[in-house]
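# Breakdown of the fold
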Amino acid sequence: MSSRHLVDPELLPFLESFPTINITADILPAVRAAGWGEVPPLPETVMMEERYIPGPAGGPDVRVKLYRKKGGAKGPRPAILHLHGGGYISGSPDSMAPQCALWADLFDVVVVGPAYRLAPETSYPGNVEDAYAVTAWMNREADALGIDTARIAVTGESAGGGLSAALALLVRDRGEYRFCHQQLIFPMLDDRTAVRADLSPMYGEFIWTNASNYFGWASLLGKPPGGADVSPYAAAARADSLAGLPPTFMSTGALDLFTEENLEYARRLMAEGVPVELHVYPGAPHAYMRDMRAKVSRTYMRDALAGMARGLGVAFEG
């Protein structure tokens, strides 16, 4: 049974422009090379620099993109740590430059986008330890970067959302730093989805399929997904407790493969006393907001920007 009749008609051109494929090791290099297309230039109001910062113990340096508003505030500002998507197997911070620049420009915040190590070349815990090293650097160099360490948010889409959730757990449990907000956009949270036999065909028909999901999780874990001994710092849904995590904004499309695991994670957060704002957008498959011509995508952007502003404690008139 197909879910195509449920797709928002305004998103059908997006589905035609990004045909669905099942990612395998054979085609992974081509998928990485293709990316999401050409990235537009940054607005003149935003400056970007690339740095290499110390990675985790025994690991390589981490390449980061740093975005700041030209002529912005001189004192400490809020900051956003953005972790890109790509199923844990592809993607880079470079493709997310427009989003990072928008935050920097609109909110006058410092935005950091790291190029964490990808699977299968580097399996867990390489990615989350890279992200933790960047978190440590943001706190350690806060004065030089102009960051208010009490107002650092973590966010990401898809695998980046899953990695953000895993990092928030790791930060909570190590107790060295803190996030004021986590923004999880159709996050890839639960490896067990990849082996579910009861998942409705209304989820995951387009863009990111469960076949690709299985490959992504197997690549990250270095073993088949769904086993009994998966760390919550790899798959956040495996955490025994979600108490003590930062206030959370979550969103997903109603046709996304991750809809059920996202709803369950939000339910658990709420049940354990974490403030949650949850949005489910009708007719929306994975990555739908790549097409901002659709009203549902613009609605998402309005909601997400407002949620980030509240999480950081900055003004936003939307």
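Scroll up to find the structure.
Every value quoted in this text rests on a predicted model; they were computed, and no experiment measured them.

Let us look at the overall build of the protein chain. Check the secondary structure of the protein chain and you find nine helices and eight strands. Over its C-alpha trace the protein chain gives a radius of gyration of 18 Å, about what one expects of a compact globule, namely 20 Å for 318 residues. Scored against the burial criterion, the 318 residues of the protein chain give a buried share of 56%. Carbon and sulfur atoms make up 55% of the accessible area of the protein chain, which amounts to about 13000 Å² in all. Distance between charge centres in the protein chain, computed from 28 positive and 36 negative side chains, equals 4 Å.

For the rest of this paragraph, the subject is the pattern of salt bridges. Across all of its chains, the model carries 22 salt bridges by this definition. Glu129 serves as the salt-bridge partner of Arg174, at 2.7 Å between the closest nitrogen and oxygen. Placement of Arg174 in helix α6 (residues 159-174) and of Glu129 in helix α4 (residues 126-140) is noted, with a sequence separation of 45 residues between them. Two residues, Arg196 and Asp198, come together in a salt bridge whose shortest N-O distance is 2.8 Å. Look at Arg196 and you get partly exposed, because its relative accessible area is 30%. Taking the relative accessible area as the measure of exposure, Asp198 reaches 57% and is therefore exposed. Because the salt bridges share partners, they merge into one network encompassing Glu50, Arg63, Lys65 and Asp94.

A pair of packed helices is captured by two measures, namely the crossing angle of their axes and the spacing between those axes. Close contact between α4 and α6 brings their axes to 10 Å; oriented N to C, the two are set at 60°. Where α4 crosses over α6, the handedness of that crossing is right-handed. Contacts between α4 and α6 involve Asn127, Val128, Glu129, Ala131, Tyr132 and Thr135 from the first element and Leu163, Ala166, Leu167, Leu170, Val171 and Arg174 from the second. Class assignment for the residues of the contact of α4 with α6 results in eight nonpolar, two polar and two charged.

With that out of the way, let us pick up the pairing of strand β5 (residues 147-157). Both strand β3 (residues 77-83) and β5 contribute to a ladder of six bridges, which runs parallel. Note that in β5 the partner of Leu81 across the bridge is Val154. Sheet analysis places β5 next to strand β6 (residues 181-185), joined by five bridges and oriented parallel. From the neighbouring strand, Ala153 faces β6, where its bridge partner is His181. Remark: the β5/α6/β6 crossover connection has right-handed handedness.

Next up on the list: a nonpolar patch on the surface. Nonpolar side chains collect at one region of the surface, where Leu263, Met270, Leu278 and Val280 lie side by side and expose about 300 Å² of accessible area between them. Elements that contribute at least two residues to the nonpolar patch include exactly α8 (259-271) and β8 (276-281). Overall, Leu278 belongs to the partly exposed group, its relative accessible area being 32%.

On to the packing of aromatic side chains. Counted according to the given criterion, the structure contains eight aromatic pairs. Aromatic pair Tyr88 and Trp217: ring centres 5.3 Å apart, planes at 55°, arrangement tilted. With a gap of 129 residues between them, Tyr88 in the loop between β3 and α3 (97-107) and Trp217 in helix α7 (residues 210-221) connect regions that are remote in the sequence. The residues Tyr88 and Trp217 share a single accessibility class, namely buried. An aromatic cluster of at least three residues, connected via ring pairs, comprises Phe186, Tyr281, Tyr288 and Tyr300.

Counting through the fold element by element, His82 comes out in strand β3. Here His82 falls in the buried class, since its relative accessible area comes to 2%. In this structure the side chain of His82 is engaged in a polar contact, spanning 2.9 Å, whose partner is the side chain of Glu157. When residues no more than four places from it in sequence are discounted, the contact partners of His82 are Met96, Cys100, Trp103, Val112, Gly113, Pro114, Thr155, Gly156 and Glu157.

Bringing unusual backbone geometry into the picture now. Only a minority of non-glycine residues have a phi that is not negative, and only a minority of peptide bonds are not trans. Across the junction of Ala119 and Pro120, the peptide omega takes the value 5°, indicating a cis bond. Counting through the fold element by element, Pro120 comes out in the loop between β4 (110-114) and α4. The peptide bond linking Tyr124 to Pro125 adopts the cis configuration, its omega dihedral lying at 15°. On the secondary structure map, Pro125 appears in the loop between β4 and α4. Even without being a glycine, Ala287 presents a positive backbone phi close to 65°. Here Ala287 shows up in the loop between β8 and α9 (295-312).

Moving on to α4. Note on helix geometry: an α-helix contains 3.6 residues per turn, so any two residues three or four positions apart are oriented the same way. Counted at 1.5 Å a residue, the expected span for α4 with its 15 residues is 21 Å, and the 21 Å between its end C-alpha atoms agrees. Within α4, 13 of the 15 residues are buried, which leaves the element mostly enclosed by the surrounding structure.

The next thing to look at is empty space enclosed by the protein. Evaluated as defined, the whole model comprises one cavity of 30 Å³ or more. What the largest cavity holds in volume is close to 70 Å³. What lines the largest cavity is simply Gln99, Trp103, Thr155, Glu157, Gln183, Ile185, Tyr300, Met301, Ala304, Leu305 and Met308. Elements with a contribution of two residues or more to the lining of the largest cavity: α3, β5, β6 and α9. Per element, the largest residue contribution to the lining of the largest cavity is five residues, and it comes from α9. Class assignment for the residues of the lining of the largest cavity results in seven nonpolar, three polar and one charged.

The rules behind these values
- Residues numbered from 1 in each chain as written.
- Predicted model: local features only at pLDDT ≥ 70, side-chain atom pairs only at ≥ 80, totals over all residues.
- Heavy atoms only, no water.
- Helix = DSSP H or I, 4+ residues; strand = E, 2+ residues; numbered from the N terminus.
- Rg over C-alpha atoms; globule rule 2.2 N^0.38 Å.
- Buried < 20%, exposed > 50% of the residue type's maximum accessible area, 1.4 Å probe, protein only.
- Areas by Shrake-Rupley, 256 points an atom, 1.4 Å probe, with all protein chains shown as cover.
- Lys, Arg positive; Asp, Glu negative; His and termini not counted.
- Charge placed at Lys NZ, Arg CZ, Asp CG, Glu CD.
- Salt bridge = Lys/Arg side-chain N within 4 Å of Asp/Glu carboxyl O.
- Axes fitted to C-alpha atoms, helices over the stretch in contact; angles between N-to-C directions.
- Left-handed = near helix turned anticlockwise from the far one by under 90°.
- Contact = heavy atoms within 4.5 Å.
- Nonpolar A, V, L, I, M, F, W, Y, C, P; charged D, E, K, R; others polar.
- Pairing = 2+ DSSP bridges.
- Right-handed = clockwise from strand over helix to strand, strands pointing away.
- Patch = residues over 30% accessible without salt bridge, like charges linked within 9 Å, V, L, I, M, F, W, Y side chains within 5 Å.
- Phe/Tyr/Trp six-rings, centres within 6.5 Å; stacked < 30°, edge-to-face > 60°.
- Polar contact = N/O pair within 3.5 Å; in protein donor to acceptor, adjacent residues only side chain to side chain.
- Expected span 1.5 Å × (residues − 1).
- 1 Å grid on protein atoms, 1.4 Å probe; cavity = no way out; pocket = protein on both sides within 12 Å on 5 of 7 lines; lining within 4 Å.
- Points joined across faces, edges and corners; volume = space filled by probe spheres on them.

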